[in-house]
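Understanding the architecture of this molecule
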Amino acid sequence: MPLSAQTPNISWNVNPFIDGKYTSSLADDLVDNINPATESALCTFSQGNAEDLDVAVSVARRRFEEGKWSRLPPAARAEVLQNLADLIEEHKEELALFDTLEMGKPTRAAVFDAGVTAPNKLRTTAVHVMQLLGQSTPLFDQTVSFNMFEPRGVVGLITPWNFPTVNAITKLAPALAVGNSVVLKPSEIAPSSALRIAELALEAGIPEGVLNVVPGLGETVGAALALHPNVDLISFTGSTRTGRSVMELCAKSNGKPVILECGGKSPHIVFQDTVNLDYVATSVVQTAFANSGQVCVATTRLLVHRAVKDVLLEKIVELATHIRPADPLDEKTEFGPLASPAQRDRVDHYIQAGIADGARAVVMGAVQRSGGCYVAPTIFDEVDGSMPIVREEIFGPVLCVQGFDDDAEAIAMANDTPFGLVATAWTRDCGLARQVAHALRVGSVTVRTGGEEEAPSGIVLGREPQGHSGYGAELGVEGLKSFASLKLVTMMGA
Ligand code: NAD
């Protein structure tokens, strides 16, 4: 049955999921859960409050101390994560439907997220947790020191709305794998898939109260989580501004550590020796406009050598002009609406600002201002590095193009941003590639030679963002370490 036909059967239940069951929020005020494809309300739910959150933290702490999860051997936890991966795969359409209706992701992409990306992340984490090994060293004749990785305790997770199922799993997998108890606060724009994942986790074998989800607003539930004195770590993904505020709240409470994965303004750098410009054009369009540009690692700055700029830009314009935003429930749709009216208005504001600042719109995307948050791609040429459209994260389908004359200028332009998430460099020159990989101030560099190869979907190595993009390793074994506590044990005497 197509997903669109299943919509009327959904019974919405956006309530705190604590200690293995749904409870009622203790807050009175309600928020609308808006479908951005129509701008009508799917349901209402409570905005949540500090009391809801406090109940969840107390339960998480009690379950942590009981040790049914925290004291399991890693292999046993890994097995449960594998079970959860299977269940998520089995329920991929249900999870995808929540994400499509709540934030407008085309169902085809949403089913891929829930059916491939999320289970892959759980399965690789289940392998990585077995590789989380400490070091040991003999000191004197009868003395030895060794490391142990232990769970931190109660971990607070705060997630955005752009990949609701995957955002939740990206944090839940490492946090649970090392034995923590968790309180997850999903985005108020798309809370339902995280709640469903918590139900499936119970079925997979995660004991009651180890994975708790408290939906609600950022300023109510999110802030209370960051401020809670009985939470041992916060892992946050979202905007740089909110990330800074979360840091302040953590410092004000118990000084708990924070892992921040924030915004980006990532470059594609196309050097003069790049071949296969048709393929480069396709890749640029894909990475700038996938998920309607609402991707932290979207490469929304195109820096291109002037020798190939006109040819490449013509190809990109041709492809982008044909992208038509459409109903995300239609299985043929590749480009849906933006996630919310606020997001549509924000992107619209940046497009108008770009024009007012003198950038040349070589593709001008139409903005639908009511009855659906649809915004088609826009491409600005002749921008300069001081314009807000180049410096700030727009988080929508807007690509800025800048030309350069030599390699050093390209590197300087790429680094002329407060963000430092990812970068892609196109060249066949090995020496240049190595130089660029060192010189770029980002957490992850991809070098592409122009060969037509898909980007890997299951990244298994860690990375750490830089600058306004945050800090603390995520992904891979290094990412797991962020969620664990490193202990040194020294044993002396016979
Ligand atoms: P956001 O910062 O508005 O919200 C993120 C989360 O924080 C939400 O759950 C929100 O409710 C919560 N929140 C809001 N105010 C809070 C407060 N005062 N205290 C505690 N929590 C609060 O971001 P968004 O609009 O949901 O997501 C878009 C942003 O996320 C973009 O900047 C994007 O780059 C970033 N992002 C980054 C990555 C990454 O891996 N680096 C991945 C996805 C999204």
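Everything here concerns the structure above.
Anyway, here's the lowdown on the structure attached to this text. (Residues numbered from 1 in each chain as written. Predicted model: local features only at pLDDT ≥ 70, side-chain atom pairs only at ≥ 80, totals over all residues. Heavy atoms only, no water.)

**Remarks on the packing of helix α6 (residues 164-177) against helix α7 (residues 192-204)**
Between α6 and α7, the least distance of the axes is 8 Å, while the angle of their chain directions is 50°. Considering the angle they form, α6 stands oblique to α7. Crossing of α6 against α7: the hand is right-handed. Contacts between α6 and α7 involve P164, T165, A168, I169 and L172 on the former and, on the latter, S193, A194 and I197. (Axes fitted to C-alpha atoms, helices over the stretch in contact; angles between N-to-C directions. Helix = DSSP H or I, 4+ residues; strand = E, 2+ residues; numbered from the N terminus. Parallel < 35°, antiparallel > 145°, perpendicular 65-115°, else oblique. Left-handed = near helix turned anticlockwise from the far one by under 90°. Contact = heavy atoms within 4.5 Å.)

**A closer look at the site of the ligand**
Residues in close proximity to the ligand total 26 residues, the closest being T159, K185, E188, S239 and E393. Between the ligand and E393, the relevant distance is 2.5 Å, taken from an oxygen atom to a side-chain nitrogen or oxygen of the residue. Burial of the ligand by the protein chains amounts to 87% of its free accessible area of 850 Å². Elements with a minimum of two residues in the shell around the ligand: α8 (218-227), β10 (233-237) and α9 (240-252). Across the shell around the ligand, the residue classes tally to eleven nonpolar, eleven polar and four charged. (Near = heavy atom within 4 Å. Polar contact = N/O pair within 3.5 Å; in protein donor to acceptor, adjacent residues only side chain to side chain. Areas by Shrake-Rupley, 256 points an atom, 1.4 Å probe, with all protein chains shown as cover. Nonpolar A, V, L, I, M, F, W, Y, C, P; charged D, E, K, R; others polar.)

**Description of the sheet that holds strand β6 (residues 143-151)**
Within the open sheet, the three strands sit side by side as β5-β6-β22. Their pairing is antiparallel. Taken across any chain shown, the strands that pair with only one partner, and hence form the sheet edges, are β5 (136-138) and β22 (484-492). Here the average twist between neighbouring strands, direction ignored, is 20°. Relative to β6, β5 is paired through three bridges, and the arrangement is antiparallel. Note that in β6 the partner of T137 across the bridge is S145. (Pairing = 2+ DSSP bridges.)

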